[in-house]
Amino acid sequence: MKLLIASLVTALFAAGAIAQTGAPSADKARANKKPVSVKKVPPATKRQAIEERTPTEDSDPSEKLSAAELEIAKRVHTGEIQCELGQKVSIKPMKREGFFFVSRGIYKYVMHPVESRTGAIRLEDPARGALWLQLGNKSMLMNQKEGKRLADECQSPEQVDFAKNMKPVNLLEAGK
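Rules used throughout
- Residues numbered from 1 in each chain as written.
- Predicted model: local features only at pLDDT ≥ 70, side-chain atom pairs only at ≥ 80, totals over all residues.
- Heavy atoms only, no water.
- Helix = DSSP H or I, 4+ residues; strand = E, 2+ residues; numbered from the N terminus.
- Buried < 20%, exposed > 50% of the residue type's maximum accessible area, 1.4 Å probe, protein only.
- Contact = heavy atoms within 4.5 Å.
- Areas by Shrake-Rupley, 256 points an atom, 1.4 Å probe, with all protein chains shown as cover.
- Disulfide = S-S within 2.5 Å.
- Core = buried A, V, L, I, M, F, W, Y, C linked by side-chain atoms within 4.5 Å.
- Pairing = 2+ DSSP bridges.
- Salt bridge = Lys/Arg side-chain N within 4 Å of Asp/Glu carboxyl O.
- Polar contact = N/O pair within 3.5 Å; in protein donor to acceptor, adjacent residues only side chain to side chain.
- Axes fitted to C-alpha atoms, helices over the stretch in contact; angles between N-to-C directions.

Side note on the overall build of the protein chain
On a plain count of helices and strands, the protein chain comes out with five helices and eight strands. In sequence order, the secondary structure elements of the protein chain are arranged as α-α-α-α-β-β-β-β-β-β-β-β-α. Out of the 176 residues in the protein chain, the part that is buried amounts to 30%. In the protein chain, 41% of the contacts between residues at least 6 apart in sequence involve partners at least 24 apart. When the accessible surface of the protein chain is summed, it comes to about 12,900 Å², and 58% of that surface belongs to carbon and sulfur atoms.

Laid out in structure tokens, this is it:
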């Protein structure tokens, strides 16, 4: 009797396994087919979503720039600035004097000049940790919070001319 019950149970399990692995039903066949012309848009990353929602209006109106910072703002190169690897940084003056809208791709900042000891032109967005550093022959955009350069070897037309007229210095012969 035990053998008969064991045989029936084994037969039932075998029949269930065959039914599950049999030919796919019409619903499963339709589910496996891919749509022909539907393109999926990749979902935005969390950082991209934050960058796109970041307000780009003027910063705090109570923030006042010094006379020295307003003088620095007059020397900032504006427009579309070409960078290495085909990148571009856009710098546009804002309605409020001394403030600039700086963007590269999804990165958008509201920056203002800050005095530096070296004489380099330095724009900062302290709330977002961004820095635009403008030297005589090149500029760069950095994100200090993430610790990386977002754009390097950026040159406005004035900086291209400056770089062409720079005299090379031989450090080995500097002491003679």
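So that's the structure; there's more coming.
Brief notes about the state of the cysteines
Applying the stated criterion to the full structure yields one disulfide. The disulfide partner of cysteine 83 is cysteine 154, and the gap between their sulfur atoms is 2.0 Å. With the S-S bond torsion at 105 degrees, the cross-link from cysteine 83 to cysteine 154 turns out right-handed. Here the residue cysteine 83 occupies a position in the loop between strand E1 (79–82) and strand E2 (88–93), and cysteine 154 occupies one in strand E8 (residues 148–154), the gap between them amounting to 71 residues. Just as cysteine 83 is buried, cysteine 154 falls in that class too.

A short note on the nonpolar core
Formed by 20 residues in total, the largest nonpolar core has its most connected members in Val89, Ile91, Met111, Trp132 and Leu141. Once you skip the residues sitting within four places of it in the chain, isoleucine 91 turns out to touch Val76, His77, Thr78, Gly79, Ile81, Phe100, Phe101, Val102 and Trp132.

As for the pairing of E8
Examined bridge by bridge, strand E7 (residues 139–143) and E8 share four bridges and lie antiparallel to one another. Counterpart to asparagine 143 in the pairing with E8 is lysine 148. Adjacent in sequence and paired antiparallel, E7 and E8 are bridged by four residues, among which glycine 147 carries a positive phi angle near 70 degrees.

Quick word on the pairing of E7
Most of E7 is tucked away: five of the five residues are buried. Residues of E7 alternate between two faces, with Ser139, Leu141 and Asn143 on one and Met140 and Met142 on the opposite face, all of them buried. Two elements, strand E6 (residues 130–134) and E7, share five bridges in a ladder whose sense is antiparallel. Paired with tryptophan 132 across the two strands is leucine 141, which belongs to E7. Hairpin connection from E6 to E7: four residues lie between these consecutive antiparallel strands.

As for the pattern of salt bridges
Counted by the stated rule, this structure contains five salt bridges. Across the salt bridge formed by glutamate 153 and lysine 138, the nearest N and O atoms sit 3.2 Å from each other. Here lysine 138 lies in the loop between E6 and E7 and glutamate 153 lies in strand E8, a separation of 15 residues in the sequence. Its relative accessible area of 37% is what places glutamate 153 among the partly exposed residues.

Description of the environment of arginine 104
Mapped onto the elements of the fold, arginine 104 is located in strand E3 (residues 100–104). In this structure arginine 104 comes out as buried when scored by relative accessible area, which is 18%. For the pair arginine 104 and glutamine 87, spaced 17 residues apart in sequence, the C-alpha to C-alpha distance is 7.8 Å. Apart from the residues lying within four places of it in its own chain, the contact partners of arginine 104 are Gln87, Lys88, Val89, Leu141, Leu150 and Ala151. One polar contact links the side chain of arginine 104 to the main-chain carbonyl oxygen of leucine 150, over a distance of 3.0 Å.

Looking at the sheet that holds E2
Here we have eight strands laid out as an open sheet, ordered E1-E2-E3-E4-E5-E6-E7-E8, and antiparallel in their pairing. Both edges of this open sheet fall to E1 and E8, since each of them pairs with a single strand only. In this sheet, neighbouring strand axes are inclined to one another by 25 degrees on average, regardless of whether the strands run parallel or antiparallel. Taken together, the five bridges between strand E5 (residues 121–125) and E6 define a ladder with antiparallel strand orientation. Across the sheet, glutamate 124 pairs through a bridge with leucine 131, a residue of E6.

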